[in-house]
Amino acid sequence: MDNKNSLVKIIKDDYLIFAKSFDYDENTKILVLKDDVQIKNEKKKIDMKTSQATFKTDKNEISAEKVKLTLEIKDKEESK
């Protein structure tokens, strides 16, 4: 998946979203992203790729199936 081929680029807070198409319902604040979806969040260290995702824009909640996800988690050193 290469976001250079995406037709849609959405920036929402810390999220950078790419897709080939989308539908948005202003009443429910739900954005449905379709076809080669990539959702990135540098602050949260998220890089998610899927064929379709739902993004609740009022709560910044993402749901998707069949996801390829890269999530970086740093270990905190224990106090001694």
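How each quantity is defined
- Residues numbered from 1 in each chain as written.
- Predicted model: local features only at pLDDT ≥ 70, side-chain atom pairs only at ≥ 80, totals over all residues.
- Heavy atoms only, no water.
- Salt bridge = Lys/Arg side-chain N within 4 Å of Asp/Glu carboxyl O.
- Helix = DSSP H or I, 4+ residues; strand = E, 2+ residues; numbered from the N terminus.
- Buried < 20%, exposed > 50% of the residue type's maximum accessible area, 1.4 Å probe, protein only.
- Patch = residues over 30% accessible without salt bridge, like charges linked within 9 Å, V, L, I, M, F, W, Y side chains within 5 Å.
- Areas by Shrake-Rupley, 256 points an atom, 1.4 Å probe, with all protein chains shown as cover.
- Pairing = 2+ DSSP bridges.

Colleague: How should the pattern of salt bridges be read in this particular structure?
Modeller: According to the stated counting rule, one finds 5 salt bridges in the structure shown. The partner of Lys-43 in a salt bridge is Asp-14, with the nearest N and O atoms 3.8 Å apart. Within this pair, whereas Lys-43 is found in the loop between strand E4 (30–41) and strand E5 (46–56), its partner Asp-14 is found in the loop between strand E1 (8–12) and strand E2 (15–19), the two being separated by 29 residues in sequence. On the accessibility criterion, Lys-43 (67% relative accessible area) is exposed. With relative accessibility at 38%, the residue Asp-14 sits in the partly exposed group. The salt bridge involving Lys-56 is made with Glu-61; its shortest N-O contact spans 3.8 Å.

Colleague: I tried to follow a nonpolar patch on the surface on my own but got confused; where do I start?
Modeller: Residues Val-67, Leu-69, Leu-71 and Ile-73 make up a contiguous nonpolar surface patch of about 390 Å² in total accessible area. Here Val-67 is to be found in the loop between strand E6 (61–64) and strand E7 (68–71).

Colleague: Help me understand the pairing of E4 in this model?
Modeller: Where a strand is regular, its side chains alternate between the two sheet faces. In the sheet, E2 pairs with E4 via 4 bridges, with the strands oriented antiparallel. When the bridges of E4 are listed, Tyr-15 appears paired with Asn-41. Bridge count for strand E3 (residues 21–25) against E4 is 5 bridges, and the pairing is antiparallel. Residue pairing in the sheet places Phe-22 in a bridge with Leu-33 of E4. Taking the residues that link successive antiparallel strands as the turn, the E3-E4 hairpin has 4 residues, and the phi of Lys-29 there is positive, at about 60°. Here E4 runs beside E5; their pairing, made up of 10 bridges, is antiparallel. Bridging from a neighbouring strand, Lys-34 pairs with Gln-52 of E5.

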